[in-house]
Amino acid sequence: MSDLLTDYSLRAHNAFGFEVHARYAQHIECETALMHARVEPRLKGLPHLILGGGSNIVLTRDFDGIVWLIALRGRRLVDEDADAWFIQAGAGENWHDFVQWTLECGWPGLENLALIPGTVGAAPVQNIGAYGLEMSERFFQLRALDIKTGKALHFDASACRFAYRESFFKQCEPGRFVIVSVVFRLPKIWQPRCAYPDIERIFAERGVRTPSPRDILDAVVAVRQSKLPDPIRLGNTGSFFKNPLIHPADFEALSIREPDLVAHPLPNGQVKLAAGQLIERCGWKGRALGHAAVHARHALVIINHGNACGADVLKLAQIIQRDVYQRFGVQLEPEPMII
Ligand code: EPU
């Protein structure tokens, strides 16, 4: 079992790069290590925090407890039937490496989700999505350890209660379930998903008419690299807010005052607005507040210019929320977990 580290810097484990410390930290490489860790006498009564890649979390202070750094590895084909391949990956696998590997093995289906930072285990928590695909559409089941009882459980898609950037794991008692592995179902009949303006533009530029899975992956990577900052160079957690969902009647009233809003009607009748556009219209794109700033190429992304702390990011986020609410009457909800 790996050592119990004390006064451990989490700088390399959170995408904002904040210098916060954990009283204890431990790398978790197998399920047995987790079983031992939950009953370790030195940790009795202390709160715990689960960290994968730290790409969707805002650490606002030191953590006076134990941080479990999930490093469970492994990826393999576990089953196949006439219609699909079933691929399992350990929660600590890097998401993008996993997506690339599935394509190399000849199992396409996750290419639209290329280059999303973070780990496989974090993907179901917020039901990652991009360029016309949500992870829930390729999910089969996951295995999680209940820290309270020590039991391992399997969750299928309905137990995970996936919705837009939502799941059971975001709503339940924080940290109670530790995801240890995920199985994806990748259909054998592959259908390209590329009706997204940014992807269509890249295909037009590259003269791609009948895209392969690799073409889609390459286009997604190109779009992300052109719009979104690399967290290794500029601390950020991707979209800081969810795109707001509003009632169609509210949207109609709003469009009279605010023409040309980007809006997607959803099957449940709601209308999804583009938070980035609302923030840009409030004049925040490219603007800084102290050491935190709104990215100049995408207004939905808050960045750390180097010396920001969690409080700086939260202050900026609150002012943006206030301005967007005053102008549009829409409440923006943060996407990352705030600790
Ligand atoms: N827009 C602006 N100004 C901006 C940014 C965007 O007007 O500064 C407008 C764009 O012109 C576009 C619309 O907003 O018409 C949507 O922009 P984009 O295609 O970049 O997507 P998004 O809705 O801002 C969502 C996800 C991203 C994902 C992209 C692509 C959320 C919260 N974010 O962003 O996910 O990569 O779609 O599918 O749903 C993430 O979750 O961290 C993330 C990056």
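The sections below set out a description of the structure shown in this document. Not measured: the values here are computed from a predicted model.

### So, the overall build of the protein
Point 1. When you go through the protein residue by residue, the secondary structure sums to nine helices and 20 strands.
Point 2. What you see for the protein is a C-alpha radius of gyration of 21 Å, in line with the 20 Å of a compact globule of 339 residues.
Point 3. Structurally, the protein occupies a C-alpha span of about 60 × 55 × 35 Å along its principal axes.
Point 4. For the protein, long-range pairs separated by at least 24 residues make up 60% of all intrachain contacts whose partners lie at least 6 apart in sequence.
Point 5. When the accessible area of the protein is evaluated, it comes to approximately 16000 Å², of which 51% is carbon and sulfur surface.
Point 6. Charge centroids of the protein, computed over 37 positive and 37 negative side chains, lie 2 Å from each other.

### Considerations on the sheet that holds strand β11 (residues 152–156)
Point 1. An order of β6-β7-β12-β10-β11 is seen for the five strands of this open sheet, with the pairing classed as antiparallel. Two strands in the sheet have a free side with no partner beyond their single neighbour: β6 (75–80) and β11. Strand-to-strand twist across the sheet, computed as the mean angle between neighbouring axes with direction ignored, equals 25°.
Point 2. As paired strands, strand β10 (residues 139–146) and β11 are joined by five bridges and run antiparallel to one another. By the bridge assignment, A144 is partnered in β11 with L153.

### Regarding the environment of R75
Point 1. With respect to the helices and strands, the residue R75 is situated in strand β6.
Point 2. As a C-alpha pair, R75 and Q88 span 13 residues in sequence and 5.5 Å in three-dimensional space.
Point 3. What R75 contacts, discounting residues up to four positions off in sequence, is Q88, A89, E93, D97, F98 and W101.

### Considerations on the sheet that holds strand β18 (residues 292–294)
Point 1. Across the sheet, which stays open at both edges, the four strands sit in the order β13-β19-β18-β17 with antiparallel pairing between neighbours. Since the sheet does not close on itself, it has two edges, and those belong to β13 (235–239) and β17 (288–289), each with one partner.
Point 2. Taken together, the two bridges between β17 and β18 define a ladder with antiparallel strand orientation. Note on β18: the bridge partner recorded for L289 is A292.
Point 3. Strands β17, β18 and β19 (301–304) of the sheet are contacted by helix α9 (residues 310–328), whose axis makes an angle of about 35° with β18.

Procedures and definitions
Residues numbered from 1 in each chain as written. Predicted model: local features only at pLDDT ≥ 70, side-chain atom pairs only at ≥ 80, totals over all residues. Heavy atoms only, no water. Helix = DSSP H or I, 4+ residues; strand = E, 2+ residues; numbered from the N terminus. Rg over C-alpha atoms; globule rule 2.2 N^0.38 Å. Contact = heavy atoms within 4.5 Å. Areas by Shrake-Rupley, 256 points an atom, 1.4 Å probe, with all protein chains shown as cover. Lys, Arg positive; Asp, Glu negative; His and termini not counted. Charge placed at Lys NZ, Arg CZ, Asp CG, Glu CD. Pairing = 2+ DSSP bridges. Axes fitted to C-alpha atoms, helices over the stretch in contact; angles between N-to-C directions.

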